[in-house]
Amino acid sequence: MESYEAKKGEPQAKETAQAYNAYILNRMPKTKVLQGCIKAFIVGGLICCIGQVFIEIGQNYMGMEALDARGFASICMVIIGATLTGFGVYDIIGKFAGAGSVVPITGFANSIVAPAIEFKREGLVLGVGANLFKIAGPVLVNGISASVVYGLLYFLFLR
């Protein structure tokens, strides 16, 4: 008797799920994919151009070698991203540009600083310290793991 009730109830559950999905699709705002891609491309490109300006400053005005200038640019971009996050400006940029603000190194700085700001009211140790790497943790694990693998491959085969 139970199996009959379950089989009898399945089509009704399926119809309810389909009706709910249709309701959600009608209520959900339509995404503007092309517009979002253009915004992401422009903002991401501008962020990268700013990074290139720092590389040029490092090489041409500060006398740095190319590798050192790239490191200098990365440090400057992280500081800018963290500062803009602290003032709440990076959230506005992120809402406008989407992935265009997340992909460059400034997005990484944002992912580190944002949880720190969010949890600072819970204290430095249990708030900031415990929650700092919630968002950026997987990125760090992936980056560190990849660098170990690449380093081993380089050491074993390209040295």
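Residues numbered from 1 in each chain as written. Predicted model: local features only at pLDDT ≥ 70, side-chain atom pairs only at ≥ 80, totals over all residues. Heavy atoms only, no water.

Topic: the nonpolar core
Grouped burial of nonpolar side chains is what soluble globular proteins tend to show. Applied cut-off: To form a nonpolar core, buried Ala, Val, Leu, Ile, Met, Phe, Trp, Tyr and Cys residues must be joined to one another through side-chain atoms within 4.5 Å. Accessibility here uses a 1.4 Å probe with only protein chains present; expressed as a share of the type maximum, an area under 20% marks a residue as buried, one over 50% as exposed, and anything in between as partly exposed. To qualify as a helix, a DSSP run of H or I must reach at least 4 residues; to qualify as a strand, a run of E must reach at least 2; elements of each kind are numbered from the N terminus. It only takes one pair of heavy atoms within 4.5 Å for two residues to be counted as in contact.
Counting 10 residues, the largest nonpolar core consists of Val 43, Ile 47, Phe 54, Ile 55, Ala 69, Ala 73, Cys 76, Met 77, Tyr 90 and Ala 97. Taken together, the elements giving at least two residues each to this core come down to α2 (33–60), α3 (66–86) and α4 (89–97). Aside from chain neighbours lying at most four places away, what touches Ala 97 is Gly 36, Lys 39, Ala 40 and Val 43.

Brief notes about the packing of α3 against α4
We apply this condition: Fitting a line to C-alpha atoms yields each axis, with helices limited to the stretch in contact; the angle taken between N-to-C directions then spans 0 to 180 degrees. If an angle is under 35 degrees, it is roughly parallel; if it is over 145, roughly antiparallel; if it lies from 65 to 115, roughly perpendicular; otherwise it is oblique. Gly counts as polar in this scheme, as do all residues outside two lists: the nonpolar Ala, Val, Leu, Ile, Met, Phe, Trp, Tyr, Cys and Pro, and the charged Asp, Glu, Lys and Arg.
Look at α3 against α4: their axes get within 5 Å of each other, and the N-to-C directions meet at 100°. Overall, the two elements α3 and α4 adopt an arrangement that is roughly perpendicular. Touching Gly 81, Leu 84 and Thr 85 of α3 are Val 89, Tyr 90 and Ile 93, all from α4. Grouping the constituent residues of the contact of α3 with α4 by class yields 4 nonpolar, 2 polar and no charged.

A few points about the packing of aromatic side chains
Here a ring pair, both rings aromatic, is described through the centre-centre distance and the interplanar angle of the planes. Cut-off, in case you're wondering: Stacked, edge-to-face and tilted are the three classes for Phe, Tyr and Trp ring pairs, Trp counted by its six-membered ring, which pair at centre distances within 6.5 Å; planes under 30 degrees apart are stacked, over 60 edge-to-face, the rest tilted.
Under the criterion given, the structure shown has 1 aromatic pair. On the numbers, 6.2 Å between centres and 75° between planes, the contact of Phe 54 with Phe 72 is edge-to-face. With Phe 54 in helix α2 and Phe 72 in helix α3, this residue pair connects regions lying 18 residues apart in the sequence.

Comments concerning the side chain of Thr 85
Following the sequence through the fold, Thr 85 ends up in helix α3. When sequence neighbours within four positions are dropped, the list of residues in contact with Thr 85 reads Tyr 90, Asn 110, Val 113, Ala 114 and Ile 117.

What about the side chain of Ser 101?
Along the chain, Ser 101 turns up in helix α5 (residues 99–102). For Ser 101, the contacting residues outside a window of four places in its chain are Ile 47, Tyr 90, Ile 93, Gly 94, Thr 106 and Gly 107.

Quick notes on a nonpolar patch on the surface
Rules: Patch membership is restricted to residues that have no salt bridge and whose relative accessible area is over 30%. Joining uses 9 Å for like charges and 5 Å for the nonpolar side chains Val, Leu, Ile, Met, Phe, Trp and Tyr. Every accessible area reported is derived by Shrake-Rupley at a probe size of 1.4 Å, with residue values counting cover from the shown protein chains alone. For this document, the term salt bridge refers to a Lys or Arg side-chain nitrogen within 4 Å of an Asp or Glu carboxyl oxygen.
A cluster of nonpolar residues, Ile 144, Val 148, Val 149, Tyr 150, Leu 152, Leu 153, Tyr 154, Phe 155, Leu 156, Phe 157 and Leu 158, forms a patch on the protein surface that exposes about 1,200 Å² of accessible area. Relative to the helices and strands, Leu 156 resides in helix α8 (residues 137–158). By relative accessible area, Leu 156 is classed as exposed at 57%.

A look at the environment of Ala 114
With respect to the helices and strands, the residue Ala 114 is situated in helix α6 (residues 105–119). Relative accessible area serves as the criterion here: at 26%, Ala 114 is assigned to the partly exposed category. For the pair Ala 114 and Tyr 90, spaced 24 residues apart in the sequence, the C-alpha separation amounts to 9.6 Å.

A closer look at the packing of α2 against α4
How two helices pack is summed up by the angle between their axes together with the distance between the axes. α4 packs onto α2 with a crossing angle of 135° between their chain directions and a minimal axis gap of 8 Å. Classified by the angle between their axes, α2 and α4 sit oblique to one another. Contacts from Gly 36, Lys 39, Ala 40, Val 43 and Ile 47 of α2 reach α4 at Tyr 90, Ile 93, Phe 96 and Ala 97. Tallied by class, the residues present in the contact of α2 with α4 amount to 7 nonpolar, 1 polar and 1 charged.

Considering the confidence of the model for the protein
Note the following rule: Per-residue confidence from the predictor is given as pLDDT, running between 0 and 100.
With 89% of its residues at a pLDDT of 70 or more, the protein shows a mean pLDDT of 82. The weakest mean pLDDT in the protein belongs to helix α1 (residues 2–27) at 68; the strongest belongs to α2 at 93. Residue range residues 1–6 is modelled with pLDDT below 50. Its contacts to residues more than four positions away, or to other chains, number 0 contacts.

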